[in-house]
Amino acid sequence: MSPFLKMMQLFLMMTATVLGMLMLLLVTPDIEDSMLRAVRRYNRRIHTDPVVQPVRESAEAVVDKVDGMPVEPAEATAVLKDQEMLRKAQSGLKLDVHRRTFIPWPNSVECGHYGVHFVEKKSLPMAALVSFPGSGNTWVRYLMETSSGVFTGSVYTDRQILTRGFYGEVMPPDCGCTSVQKTHGFALAGMVPPTAEQKRAELTLFKGRGVLLLRNPYEAIISYRNYLYGGHTGFAPYDSFRGPEWEQFAIRLTEIWRELAATWIVYSRDAMVLHYELMKNEPITHLKGILHFLKFPVDNQRLMCVVSHIDGPFRRPSTQQLMFEIKDPYPDKVHHVLDAAIDQVNALLRQKGWQQMPTHLYKFYRRVGGGSNVTTAPNSPNEPPPAL
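Bear in mind the structure is a predicted one, so any value in this text is a computation, not a measurement.

A. Broad picture of the nonpolar core. Counting residues in each nonpolar core, the largest one holds 48 residues, and the members touching the most others are Phe132, Leu214 and Tyr330. Among the elements that line this core, the one with the most residues is helix α11 (residues 244-267), at 11 residues. If you look at the next biggest cluster of nonpolar residues, it comprises 33 residues, including Val119, Trp139, Val150 and Val180.

B. Representation of helix α6 (residues 137-148). When the terminal C-alpha atoms of α6 are compared, their 16 Å separation across 12 residues agrees well with the 16 Å that a helix rising 1.5 Å per residue should span. Across the 12 residues that make up α6, a large majority, 12, are buried. Within the span of α6, buried status applies to Asn137, Thr138, Trp139, Val140, Arg141, Tyr142, Leu143, Met144, Glu145, Thr146, Ser147 and Ser148. Of the residues flanking the end of α6, it is glycine 149, one or two places downstream, whose phi is positive at about 80°.

C. View of the sheet that holds strand β4 (residues 209-214). Strand order in this open sheet of 5 strands is β2-β3-β1-β4-β5, and the pairing throughout is parallel. Two strands in the sheet have a free side with no partner beyond their single neighbour: β2 (153-154) and β5 (270-275). With 3 bridges connecting them, strand β1 (residues 128-131) and strand β3 (residues 181-183) associate as parallel partners. Along β3, the bridge assignment pairs leucine 129 with lysine 182.

Analysis parameters
Residues numbered from 1 in each chain as written. Predicted model: local features only at pLDDT ≥ 70, side-chain atom pairs only at ≥ 80, totals over all residues. Heavy atoms only, no water. Core = buried A, V, L, I, M, F, W, Y, C linked by side-chain atoms within 4.5 Å. Buried < 20%, exposed > 50% of the residue type's maximum accessible area, 1.4 Å probe, protein only. Helix = DSSP H or I, 4+ residues; strand = E, 2+ residues; numbered from the N terminus. Expected span 1.5 Å × (residues − 1). Pairing = 2+ DSSP bridges.

And the structure:
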């Protein structure tokens, strides 16, 4: 073949490749929208499917066979010691000694006797652990379980964390056998419900009782983006944090973050706020606050064991954080939207009498134009709250 024909053949192949990529961009739906729709369908099925629901309700068998092993002697020892601790505290909690126990630190001489247990069914009221996705819900559940000795539950079923010892994951949220139940509310639907009644639907289910976990939305949105691409410990590719699609994604999720927080702040009746950044800085102080809210006993030695094993089973490496130290992934337009949302939620927290967000610890906050963090005057107490 002559050099000219070879050049023509190469040119045609390159043209066909470019045209094919353009067609894919035109016909392939946005990956986050697709995954959010799938998550929405999945959650609807979990709550309504007559085949799936009995699986949750017969979860005792799932938990007891989670690793195919019988209950170990160490687990029985942990039950006895924790029962004794609870009796001394006169907490009224009754551990279910016939159900499986999880030993979080089996190789520790000082902490290996502590276990996490179920309490007897219908002995505890429902209480939400509600947060926007990417706010550290799983990590906080680990801290709550290991500090209280009682499993947390969930309105979802995540088999990956079940295998790491979160045995309450498959129990019905109204079993009364777990301390709190994880939920992301309407956030996983990828949209804000159109009416106030629909926004409050899950809050009503929990009778307004729960723990609202708030994290800097700048970092929560990045974490959620990573989760959609890489699960609990993976990362989204760097290119997914720039361009018009990323900007629209961040703005849309900012509205969801604001409205989810505002709904629980305004309408909850027996609830507390927990700030992720403060929990990281002073875990014992805030764990004691949670235990007090739940009316659980405090074991100071157990809390020291929690602090010495603070990371838990799921920890995303910090390599991406180093990249974002150099390059702020948020354009100025998104900064304006996010900063306004943070200020609005803070105004609601102030009106409720709850602790405001520690914005001095918030990465990217008040950094329009790439500048450093600056201190700003707080919002006026008369500033109108966001639309609910």
